[in-house]
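What follows is the residue order along each chain.
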Amino acid sequence: MNGAIFDVDGTLLDSMNVWWDVLIEFFKAHGRDLSDEEAAQYKELTLEESIPIMADLLKLNMSGDEISDKLKQMAMKQYKYTLTLKKDAEKYLKKLHDEGIKIAIATSGYRELCEQAFSRLNVWQYIDACAFSSEVGVNKSNPDVYLLAAKRIGVRPEDCTVFEDISAGIRGAKKGGFMTCAIYDDTNADETDILKQLSDRYITGWSELIK
């Protein structure tokens, strides 16, 4: 492995529940309860893909940018002040950095939120490049965001490992020719079996990769 590409929410940051809470609160504010089945569909979409669906479902008289700004505002406080890295994530990033492995993040999340959290948690020093799904226009069931990340760190896909917590991301990375490592998160417990089947390696925590 010459390059490592990390998802952010649920992989490096212990943040997936933030987004469930934001969606539930947003739906309630507009007169509708969000079912588990509806919430699950948003997990595999980019925020840009989710917003038109929500706008139509909730009959919102808001632009896509207005909805996006509202969601960011609702999540910003936790990214800026309270969210933590998953246990031993920093240790693993430092280990790779010290070994000379190039590190990128590839996320469907908002750039501003990543910047706030990573700056506060002092992990930018380990990250060589970033790629965002908003830059490529498709969700993580496609390889595009991982290919962009690999290009930015100058490492061929076959020499990179993608670390993800959702099955759509593992599938997309495999399509791009990457090795994959899936990591457990409380919000993906129902996908454990499929993540084990799809990925080259499955871990329950970062300590398994630190020796």
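Provided above is the structure to which this section pertains.
Please read these numbers as outputs of a predicted model, since none were measured by experiment.

Caption draft 1: Expanded view of the overall build of the protein chain. Within the protein chain one finds 10 helices and 6 strands. For 211 residues, the compact-globule estimate of 2.2 N^0.38 gives 17 Å, and the protein chain sits close to it at 17 Å. Taken along its principal axes, the extent of the C-alpha atoms in the protein chain is 50 × 35 × 30 Å. Looking at the protein chain as a whole, 53% of its 211 residues qualify as buried. Restricting the contact set of the protein chain to residue pairs at least 6 apart, pairs at least 24 apart contribute 67%. Carbon and sulfur atoms form 46% of the exposed surface of the protein chain, whose accessible area is close to 10000 Å². Side chains of the protein chain give 26 positive and 36 negative charges; the mean places of these two sets differ by 4 Å.

Caption draft 2: Expanded view of the packing of aromatic side chains. On inspection of all chains with the given rule, the structure shows 8 aromatic pairs. Note on Phe6 and Phe163: the rings are 4.6 Å apart at their centroids and 10° apart in plane angle, and the pair reads as stacked. Separated by 157 residues along the polypeptide, Phe6 in strand β1 (residues 3-6) and Phe163 in strand β4 (residues 160-164) bring together distant segments of the chain. In this pair, the class of Phe6 matches that of Phe163, namely buried. Plain terms: the ring middles of Phe118 and Trp124 are 5.3 Å apart, the flat faces sit at 80° to each other, and that makes the pair edge-to-face. On the accessibility criterion, Trp124 (26% relative accessible area) is partly exposed. Here the aromatic residues Phe6, Tyr92, Phe163 and Trp206 are joined through ring pairs into a cluster of three or more.

Caption draft 3: Spatial organisation of the environment of Arg152. Along the polypeptide, Arg152 turns up in helix α8 (residues 144-153). With residues near it in sequence (within four places) discarded, Arg152 still touches Ala129, Cys130, Ala131 and Glu135. Looking at Arg152, its side chain comes within polar contact range of the main-chain oxygen of Cys130, at 2.8 Å. Polar contacts involving the side chain of Arg152 include one to the side chain of Glu135, which spans 2.8 Å.

Caption draft 4: Spatial organisation of the sheet that holds strand β3 (residues 129-132). Here we have 6 strands laid out as an open sheet, ordered β3-β2-β1-β4-β5-β6, and parallel in their pairing. Single-partner strands in this sheet number two, and they are β3 and β6 (201-203). Each strand of the sheet is rotated relative to its neighbour by a mean of 20°, with strand direction disregarded. Direction of pairing for β4 relative to strand β5 (residues 179-183): parallel, over a ladder of 4 bridges. By the bridge assignment, Glu164 is partnered in β5 with Ala182. Each of β1, β2 (102-107), β3 and β4 is contacted by α8, which is oriented at about 155° to β2, the strand it contacts most.

About the criteria used
- Residues numbered from 1 in each chain as written.
- Predicted model: local features only at pLDDT ≥ 70, side-chain atom pairs only at ≥ 80, totals over all residues.
- Heavy atoms only, no water.
- Helix = DSSP H or I, 4+ residues; strand = E, 2+ residues; numbered from the N terminus.
- Rg over C-alpha atoms; globule rule 2.2 N^0.38 Å.
- Buried < 20%, exposed > 50% of the residue type's maximum accessible area, 1.4 Å probe, protein only.
- Contact = heavy atoms within 4.5 Å.
- Areas by Shrake-Rupley, 256 points an atom, 1.4 Å probe, with all protein chains shown as cover.
- Lys, Arg positive; Asp, Glu negative; His and termini not counted.
- Charge placed at Lys NZ, Arg CZ, Asp CG, Glu CD.
- Phe/Tyr/Trp six-rings, centres within 6.5 Å; stacked < 30°, edge-to-face > 60°.
- Polar contact = N/O pair within 3.5 Å; in protein donor to acceptor, adjacent residues only side chain to side chain.
- Pairing = 2+ DSSP bridges.
- Axes fitted to C-alpha atoms, helices over the stretch in contact; angles between N-to-C directions.

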